[in-house]
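A closer look at the structure
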Amino acid sequence: MSEASQPLLAHRSALRRVDWSAPAVCAIPVAVVAVMAWMLGEIAWLGADKLSWTFLTEAPRNAGREGGIGPIIASTGLIVGICLATALPLAVATSVLIAEYLPAHSRTVRVMRTLLDVLAAVPSIVFGVFGYAFFALALGFGFSILSGGLTLATMILPILIGSIEQSLRAVPLDMRIAGAGLGMTRPAVIARVLLPLASPGILAGTLLGLGRALAETAALVFTSGYVARMPESLLDSGRTLSIHVFDLSMNVPGGSGPAAGTTLLLVLLLLVLNGALLWLIAIWRRRTGMSFTLTP
Amino acid sequence: MLGYRIKLAAVALPLLALTVSAIQAKADETRLLLTGSSTIAPIAEEIAHLYEEKNQDVRIDIQTGGSTKGVIDQRRGLNDIAMVSRRLKPSESDLTAHTFALDGLAMIVHEDNAVEDLSSDDIRAIYTRKKTDWSDFGDDGGEIIIINKSEGRATLDLFLDHFGLIPPDIKPHMVIGENEQGIKAVAGNRSAIGYVAISTAFYDAEHGVAIKLVGLDGVLATVENVANGSYPAIRQLNLVTAGEVSKTTQAFLDFAQSEAVHEILDTFHVVAPSR
C-alpha cells in the first residue's frame, strides 16, 4: 500500500498548507495546549514532592492525610486485572462473530452495533447502579474487588469490541483467501492468521479500555467500594486511585496534598498508557501497512 | 494442535485455581459493615482503624453512598450500622440514632468589625444582597464582601440547609474551598463575611488570627454551645441502627461514643456531644 493513500499522512500534508499567520487558527491550538499544559503543570507542581517510595508502598494513615497509597495501588491493579481478564475474551469472541461470521450489512449486525453504541453512551454511574444490583446483591459478591472488576468489564466491553472489530476488518481479504487455499479451516485461519495480525490493534483497544477503567470513579463507589485496607481476597472491598483522590479532596479536611500525589501517579499511568498506545499503532502500521483508526 | 491445547491448559488451570482460592474469604473474623454518608466515612474509618487495633478479631468495612442510602441499607438488613450526617426525619422514627459527633457552622467577620451577633434573617439578607452595607448592622466597614463556599463542600450544604437558601440565591464576591482559605480571606479583608467549620474558626481566633466569630440568633459560637446543642447551625453525625443489635455492633457503637475517639474527632474539626 502506498503512503499517499494513508489518511493520516494525507491529513498532515493538508495541514502544512494552512496559513499559520491567521491568528484565529493559531490561537485555538495554542489555547487547547495551554489549558492542557497548565493542568498537567499544576498537578505535577502540587504532587511532585509527595511521590516517593514510601508513599507508593505504605498504607494510608489518618484518613489518607498521612502514610501512602500501597493498598490502593494493589486494589486498583486487581480490579483492572479482573476487568480485562473478563472483558477481553468476550470482546474477541464478539468481534470475531461480527467481523468474520455474520454478513457485514445483516440485520443482526446492525442490531448488535446499535446495542453496543447505546452501551458505550451509557453514563458510568448507571453501570455502577447495575453492578451494585446485579454483581453485589443478586450474585452476592457484595462490595468487592470482584464486583468492581466485573462492572468495569461491562463498561469497557463496547470500546474493546469496537477497536478489535476494526482491526480484524483491516486485515486484507487476501489473507483469508490464501488461508482457505492452503486448506485451513475457518477457525484455524482466525486463530492462526487473522488474530495474530490484528493483535497490535487488539492491544491498542485494550490500552484504551484500561485507560477508561483506571479513570473510573462513579461505577466503583457502589461496587468495589471504599475500604483502603490491603485486599486479602477478591471478595474484599478495595479502593481505587480515582476514588481515593475523590474522597481526599471532597471529604477529608487537609487531604489535598496526598490527593495531588495520587492524582500525579494516576496521570503518569495514563500518559504512559497513551504513549504505549501510540507506539503500538505506529509499529503496527509500519509492519503491516494496514490503516487503523480508533473509534472510542 | 494437541500441544497447543496442553499449553493452554497449563496456563488456564493454575489461573483458575488461583482465582477460586482468592475468592474464598476468611471466615474466622467478625465483620461489621457501615454504609452511608460520605462526610462521616473518613471519620468512621479512622475510628474503625483504632477499634481494629484493640480488637484483632473484628474487621470493619466502610462504604459510602450518602446518608439516605445508609438508612435504606439498614432497613433492608444490608449493613450493620448506617452513617447519617443529619437529624433523623420523622419518617425514620423506627430507627435509633447514636450521635457520636457534631459539626457546627460559624459566621466569621474581621476582628475589627463591631458586629457581635447576627440573626438568621440578617444572614439571609446579606447573602442575597438585600442588605449590602455594614452600616445596616452598626458598623463602619463599608460594602459587605460576601464569601461563599464552593459547590460540593459539606459546609455549603449545611449553610444552605440551615438558612433555607438555594445556590442561585447567593450572590458571592468570592468563592473559596478549604476552611483555612475562608479564614485567610476574612482575616485579610475588613469588610468580609464568611462561614467555616466552627472548631477551625475557634482554634484560629484563639491563636491570634484576625477573625471574630459572630453569634447566631443570640447564641455565642463556641465549641461548648455546639457540644451541648444550644447553637442553632449544627449538624449531627449519627450512627444509626434499627431494633436489636448484635454484641459486636453494640461494642463498636459504645466505642465510637467514648473518650477514646476525641483525638480523631479533633482532626476532622468536629466535636463530641456533651452528655
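The rules we used
- Residues numbered from 1 in each chain as written.
- Chains lettered and ligands numbered in written order.
- Predicted model: local features only at pLDDT ≥ 70, side-chain atom pairs only at ≥ 80, totals over all residues.
- Heavy atoms only, no water.
- UniProt positions renumbered as here; feature names shortened; annotations may be inferred.
- Helix = DSSP H or I, 4+ residues; strand = E, 2+ residues; numbered from the N terminus.
- Buried < 20%, exposed > 50% of the residue type's maximum accessible area, 1.4 Å probe, protein only.
- Phe/Tyr/Trp six-rings, centres within 6.5 Å; stacked < 30°, edge-to-face > 60°.
- Lys NZ or Arg CZ within 6 Å of the ring centre and 35° of its normal.
- Contact = heavy atoms within 4.5 Å.
- Buried area = accessible area lost by both parts, 1.4 Å probe.
- Salt bridge = Lys/Arg side-chain N within 4 Å of Asp/Glu carboxyl O.
- Polar contact = N/O pair within 3.5 Å; in protein donor to acceptor, adjacent residues only side chain to side chain.
- Nonpolar A, V, L, I, M, F, W, Y, C, P; charged D, E, K, R; others polar.
- Patch = residues over 30% accessible without salt bridge, like charges linked within 9 Å, V, L, I, M, F, W, Y side chains within 5 Å.
- Areas by Shrake-Rupley, 256 points an atom, 1.4 Å probe, with all protein chains shown as cover.
- 1 Å grid on protein atoms, 1.4 Å probe; cavity = no way out; pocket = protein on both sides within 12 Å on 5 of 7 lines; lining within 4 Å.
- Points joined across faces, edges and corners; volume = space filled by probe spheres on them.
- Axes fitted to C-alpha atoms, helices over the stretch in contact; angles between N-to-C directions.
- Parallel < 35°, antiparallel > 145°, perpendicular 65-115°, else oblique.
- Left-handed = near helix turned anticlockwise from the far one by under 90°.

The name given to chain B in an unreviewed UniProt entry is Phosphate ABC transporter substrate-binding protein, and the organism recorded there is Ferruginivarius sediminum.

As annotated in an unreviewed UniProt entry, chain A is Phosphate transport system permease protein PstA from Ferruginivarius sediminum. Turning to chain A, the UniProt record has this under Sequence similarities (unreviewed entry): "Belongs to the binding-protein-dependent transport system permease family. CysTW subfamily."

What chain A contains, in helices and strands, is 12 helices and 2 strands. In chain A, the succession of helices and strands from N to C terminus is α-α-α-β-β-α-α-α-α-α-α-α-α-α. For the C-alpha atoms alone, the extent of chain A along its principal axes is close to 65 × 60 × 35 Å. Per-residue burial over chain A gives 45% buried out of 296 residues.

Counted according to the given criterion, the structure contains 12 aromatic pairs over all chains. Summarising the aromatic geometry, the rings of W134 of chain B and F137 of chain B are spaced 6.1 Å apart at their centres and angled 65 degrees between planes, so their arrangement reads as edge-to-face. Between F159 of chain B and F163 of chain B, the ring centres sit 4.9 Å apart and the planes meet at 55 degrees, which makes this aromatic pair tilted. Separated by 4 residues within a single helix, F159 of chain B and F163 of chain B lie in helix α5 (residues 154–163), roughly one turn from each other. Note on F163 of chain B: relative accessible area 1%, which makes it buried. Through a chain of ring-to-ring contacts, three or more aromatic side chains come together here, namely Y127, F159, F163 and Y195 of chain B. It is R65 of chain A that lies over the ring of F268 of chain B; its NZ or CZ is 4.3 Å from the centre. Of note, R239 of chain A hangs over the ring of Y226 of chain A, and the distance from its end group to the ring centre comes to 4.2 Å.

With that settled, the discussion passes to the interface of chain A and chain B. With 32 residues of chain A at the contact, the number on the chain B side is 36 residues. Each partner contributes to the roughly 2,600 Å² buried at the junction of chain A and chain B, and carbon and sulfur atoms together form 50% of this total. Applying the counting rule to chain A against chain B returns 6 salt bridges. The partner of R229 of chain A in a salt bridge is D61 of chain B, with the nearest N and O atoms 3.0 Å apart. At the junction of chain A and chain B, the tally comes to 12 residue pairs in polar contact (both at pLDDT 80 or more). Put simply, the parts of the chain that give the side of chain A that touches chain B at least two residues each are α6 (124–138) and α11 (241–251) of chain A. In terms of residue count, α11 of chain A provides more of the side of chain A that touches chain B than any other element does, 4 residues in total. Class assignment for the residues of the side of chain A that touches chain B results in 15 nonpolar, 9 polar and 8 charged.

The next thing to look at is a nonpolar patch on the surface. A cluster of nonpolar residues, I125, V126 and V129 of chain A, forms a patch on the protein surface that exposes about 230 Å² of accessible area. Residue class for V126 of chain A comes out partly exposed when judged on its relative accessible area of 43%.

Residues and elements named next belong to chain B. If you walk through the whole model with that rule in mind, you get 3 cavities of 30 Å³ or more. In this structure, the largest cavity occupies an estimated 80 Å³ of space. Of all the secondary structure elements, the ones that give two or more residues to the lining of the largest cavity are α2 (41–54) and β2 (58–64). No other element matches α2, which puts 4 residues into the lining of the largest cavity. Class assignment of the residues belonging to the lining of the largest cavity gives a composition of 5 nonpolar, 1 polar and 4 charged.

A few words on the UniProt feature "domain: ABC transmembrane type-1" (unreviewed entry) in chain A. Here the UniProt feature "domain: ABC transmembrane type-1" (unreviewed entry) sits at residues 73–277 of chain A. Counting secondary structure, residues 73–277 of chain A comes out at 78% helix and 0% strand; the distance between its end C-alpha atoms is 22 Å.

Another point: the packing of α2 of chain B against helix α9 (residues 247–256) of chain B. All names here are of chain B. Viewed as axis vectors pointing N to C, α2 and α9 meet at an angle of 120 degrees, and their least axial separation amounts to 11 Å. When the interaxial angle is binned, α2 and α9 end up oblique. Crossing handedness for the pair α2 and α9: right-handed. In contact with I47, A48, L50, Y51 and K54 of α2, α9 contributes T248, A251, F252, F255 and A256. Looking at the contact of α2 with α9, its residues break down into 8 nonpolar, 1 polar and 1 charged.

Checked against the element boundaries, R176 of chain A lands in helix α8 (residues 173–181). Only 3.0 Å separates the side chain of R176 of chain A from the backbone oxygen of V171 of chain A, close enough to count as a polar contact.

Right, let's get into the UniProt feature "transmembrane region" (unreviewed entry) in chain A. Residues and elements named next belong to chain A. In the numbering adopted here, UniProt assigns the feature "transmembrane region" (unreviewed entry) to residues 20–41, 72–102, 114–135, 141–161, 193–215 and 259–284. The span residues 141–161 is 81% helical and 0% strand by assignment, and the distance between its end C-alpha atoms comes to 26 Å. Overall, residues 259–284 shows 100% helix and 0% strand. The separation of its end C-alpha atoms is 37 Å.

It is worth spelling out the pattern of salt bridges at this point. Counted by the stated rule, this structure contains 22 salt bridges over all chains. A salt bridge links E66 of chain A to R61 of chain A; the shortest N-O distance between them is 3.3 Å. Judged by relative accessible area, which is 43%, R61 of chain A ranks as partly exposed. The closest approach of N and O atoms between R31 of chain B and D61 of chain B, which form a salt bridge, is 3.8 Å. A residue pair is termed long-range when its members are at least 10 positions apart, and R31 of chain B in strand β1 (residues 30–36) and D61 of chain B in strand β2 qualify at 30 residues. The class for D61 of chain B is buried, based on a relative accessible area of 9%. The structure contains a network of salt bridges with shared partners spanning R229, E232 and D236 of chain A together with R31, E52, R59 and D61 of chain B.

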